[in-house]
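Report on the structure
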Amino acid sequence: MRFLTGLQPSGKLHIGNYFGAIEPAVRLQEQGEGFYFIANYHAMTTMESAQALLENTRGLAVDFLACGLDPQKSVFFAQSAVPEVNELAWILSTVCPMGLLERCHSYKEKMARGIAASHALFAYPALMAADILLYNADAVPVGKDQKQHLEVTRDLAGKINDLFGDDIFKLPEPIISEVTAVVPGLDGQKMSKSYGNTLPIFGEEKPIRKLINKKIITDATPLEAPKPTEGSILLQLYKLFATPEQYQEMIDAHHRGGVGYGQFKKDLFEAYWEYFRAPRERREWLLANPGYVDETLNNGAARAREEAATTLTRVRKAVGLGWL
Ligand code: ADP
Ligand code: TRP
């Protein structure tokens, strides 16, 4: 079984990215082979400078490794280290109806946010499909917002198979965790860097304490009174980090009353801080050893290129490009 996912290097990772994409990817390493990459071509659709792109790419490599990506078990690389993916994206584009791309939520949402409608932004799902099909992935762990792009991928793979031969592409399955499909942000909307409501995976202790204290919305129930549990953002976030017993204890304390939101927020911070202790320590080590990170990405790229070459030879032949 081969699992594949890509993450865009477009800013600081938050716990929505962690539970939606990183944690499942890391967990799946135990059940098969992982192909995990930094989607830096994709990030170019929204990036303001070359320096920002480069720094974010390096930063994401460190953070992904810190979160438990194991280069002995997974192939880890930068998307741009295998430029062949662009050729496959082109081939897929030739069978990709405009209407399919026009319907994509992610494109519409970015337009609504005022991002200029470049050709790359529009064609983004075709490149994503190429990412997945180039490496013959069986399953793709992603957050719910990427599900539609997986449907596009399956659609394009099916069209190529219909037109040029049944066994060119496997149709990949999305893996969407029901529990963490949508991690709520500090304000209760979906957590997203575009909404400024994120809880980062890595950061300094004090500012994060402050963030949790100031930004999580709670109601005005007095300290002594029982507190509502229904729809509580604080509880939903606590559940991600606490043991089932700790979580139940917090629910009981809500029902009983006598504990204020300040204390609950403190408990949330402690559980969060403990949860990411080991990744934080690994990250310190990785930051001090950039040579290790570069070498890991180079090794991953070499392995990814082998796989890409095999797929492309097959595809070129099938579509009538491969006579030399
Ligand atoms: P953002 O919304 O902050 O821009 P991205 O779109 O870069 O995040 O998402 C990167 C990955 O993280 C995707 O697989 C996405 O589905 C997942 N993800 C992002 N936000 C959440 C969330 N709030 N809950 C679950 N998964 C998420
Ligand atoms: N579009 C994904 C996102 O914004 C990133 C991505 C690019 C990806 N290529 C992929 C995810 C292939 C899964 C598989 O999060």
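Residues numbered from 1 in each chain as written. Chains lettered and ligands numbered in written order. Predicted model: local features only at pLDDT ≥ 70, side-chain atom pairs only at ≥ 80, totals over all residues. Heavy atoms only, no water.

**Quick look at the overall build of the protein chain**
Inclusion rule: Only DSSP runs of H or I reaching four residues or more are called helices, and only runs of E reaching two or more are called strands; each is numbered from the N terminus. Between two residues, a contact is recorded if the distance between any of their heavy atoms is within 4.5 Å. For accessible areas, the Shrake-Rupley method is used with a probe of radius 1.4 Å. Any residue's cover is judged against the shown protein chains and nothing else. Working convention for charge: Lys and Arg count positive, Asp and Glu count negative, and His plus the chain ends are omitted. In this description, the location of a charge corresponds to atom NZ of lysine, CZ of arginine, CG of aspartate or CD of glutamate.
Summing up its helical and strand segments, the protein chain has 14 helices and five strands in all. In terms of its C-alpha atoms, the protein chain occupies a principal-axis envelope of roughly 80 × 45 × 40 Å. Restricting to contacts in the protein chain with at least 6 residues of sequence separation, those with at least 24 account for 78%. Surface accessibility of the protein chain: about 15,800 Å² in total, with carbon and sulfur atoms responsible for 53%. With 35 positive and 39 negative side-chain charges, the protein chain shows a spacing of 3 Å between the two charge centroids.

**A closer look at the nonpolar core**
Here is the rule we go by: What we call a nonpolar core is a set of buried Ala, Val, Leu, Ile, Met, Phe, Trp, Tyr and Cys residues that are connected through their side-chain atoms within 4.5 Å. Under the scheme applied here, a residue whose accessible area is under 20% of the maximum for its type counts as buried, over 50% as exposed, and between as partly exposed, the area being computed with a 1.4 Å probe on protein chains only. Domain delimitation in this document rests on an assignment produced automatically or drawn from a domain database.
Membership of the largest hydrophobic core comes to 56 residues, with the highest contact counts inside it found for Ile15, Ile22, Phe76, Leu237, Phe241 and Tyr272. A per-element tally of this core places helix α1 (residues 15-28) first, with eight residues. Taken domain by domain, the makeup of this core includes at least three residues from each of domain 1 (2-183 + 290-319) and domain 2 (203-275). Among residues more than four places away in sequence, those in contact with Phe76 are Tyr36, Ile38, Ala61, Phe64, Leu65, Leu69, Thr296, Leu297, Gly300 and Ala301. If you look at the next biggest cluster of nonpolar residues, it comprises 44 residues, including Leu100, Leu150, Leu156 and Val315.

**Focus: the domain arrangement of the protein chain**
Condition: Here the quantity called buried area is the accessible surface, traced with a 1.4 Å probe, that two parts lose on coming together, added over both.
For the protein chain, the assigned domains are domain 1 (2-183 + 290-319) and domain 2 (203-275). On a C-alpha basis, the centres of domain 1 and domain 2 stand 35 Å from each other. At the junction of the two partners, domain 1 supplies six residues and domain 2 supplies five residues. Carbon and sulfur atoms make up 85% of the surface buried where domain 1 meets domain 2, a total of about 420 Å² over both sides.

**Here's the deal with helix α13 (residues 277-288)**
Heads up, the condition is: By this rule the span expected of a helix is its residue count minus one, scaled by 1.5 Å. The directions from the helix axis to the C-beta atoms are what the arc is built from.
Between its terminal C-alpha atoms α13 stretches 17 Å, which fits the 16 Å expected from 12 residues at 1.5 Å a residue. Residues of α13 that are buried include every one of Pro279, Arg280 and Leu286, and no others. One side of α13 holds all its buried residues, which, seen down the axis, span an arc of 120°. For α13, the exposed residues lying more than 90 degrees away from the buried face are Glu281, Glu284 and Ala288.

**A look at the site of ligand 2**
Selection rule: If a single non-hydrogen atom of a residue is within 4 Å of a molecule or strand, that residue counts as near it. Polar contact is the term for a pair of N or O atoms within 3.5 Å; when the atoms are in protein, one must be able to donate a hydrogen and the other to accept it, and sequence-neighboring residues count only if both atoms are side-chain atoms. Definitions used for this entry: grid spacing 1 Å over protein atoms alone; cavity, a set of points where a 1.4 Å probe fits but cannot get out; pocket, an open set with protein on both sides within 12 Å along at least 5 of 7 lines; lining residue, one with an atom within 4 Å of a point. A pocket or cavity is taken to hold a molecule when more than half of that molecule's atoms are within 2 Å of the pocket's grid points. By the convention adopted, Pro, Cys, Tyr, Trp, Phe, Met, Ile, Leu, Val and Ala count as nonpolar, Lys, Arg, Asp and Glu as charged, and the other residues, Gly among them, as polar.
Taken together, 14 residues lie around ligand 2, and Gln8, Tyr124, Met128, Asp131 and Gln146 are the ones closest in. Between an oxygen atom of ligand 2 and a side-chain N or O atom of Gln8, the distance comes to 3.0 Å. A distance of 2.7 Å separates a nitrogen atom of ligand 2 from a polar side-chain atom of Asp131. Against a free-state accessible area of 370 Å², the protein chains account for coverage of 91% of ligand 2. Here ligand 2 occupies the largest pocket. Within the residue set of the shell around ligand 2, elements represented by two or more residues are β1 (2-7) and α7 (119-134). A total of four residues in the shell around ligand 2 trace back to one element, the largest contributor, which is α7. Grouping the amino acids of the shell around ligand 2 by side-chain chemistry returns eight nonpolar, five polar and one charged.

**Considerations on the packing of aromatic side chains**
We apply this condition: The criterion for an aromatic pair is that two Phe, Tyr or Trp rings (for Trp, the six-membered ring) have centres within 6.5 Å, with stacked assigned to planes under 30 degrees apart, edge-to-face to planes over 60 apart and tilted to the rest. Lysine and arginine charges are scored as sitting over a ring when NZ or CZ, respectively, is within 6 Å of the ring centre and within 35 degrees of the ring normal.
Applying the stated rule across the entire model yields 22 aromatic pairs. Aromatic pair Phe77 and Tyr135: ring centres 5.2 Å apart, planes at 65°, arrangement edge-to-face. Placement of Phe77 in strand β3 (residues 74-78) and of Tyr135 in the loop between α7 and β4 (139-141) is noted, with a sequence separation of 58 residues between them. The exposure class of Phe77 is buried, given its relative accessible area of 1%. Arranged with centres 5.0 Å apart and planes meeting at 70°, the rings of Tyr107 and Phe122 form a pair that is edge-to-face. Note that Tyr107 is positioned in helix α6 (residues 105-112) and Phe122 in helix α7, a separation of 15 residues in sequence. Each member of the pair Tyr107 and Phe122 is classed as buried. Connected via pairs of aromatic rings, a cluster forms that spans Tyr18, Phe19, Phe241, Phe269, Tyr272, Trp273, Tyr275 and Phe276. One cation-aromatic arrangement involves Lys227 over Tyr261; the distance from NZ or CZ to the ring centre is 5.8 Å.

**A short note on the site of ligand 1**
Taken together, the neighbourhood of ligand 1 is formed by 18 residues, with His14, Gly143, Asp145, Val183 and Lys193 sitting nearest. Between ligand 1 and Ser192 there is a distance of 2.9 Å, counted from an oxygen atom to a side-chain nitrogen or oxygen. Lys193 has a polar side-chain atom sitting 2.6 Å from an oxygen atom of ligand 1. Notes on ligand 1: free accessible area 540 Å², of which the protein chains cover 90%. Mapping ligand 1 onto the cavity grids shows that it belongs to the largest pocket. Counting residues per element, the shell around ligand 1 draws most heavily on α1, at four residues. Tallied by class, residues from the shell around ligand 1 come to seven nonpolar, eight polar and three charged.

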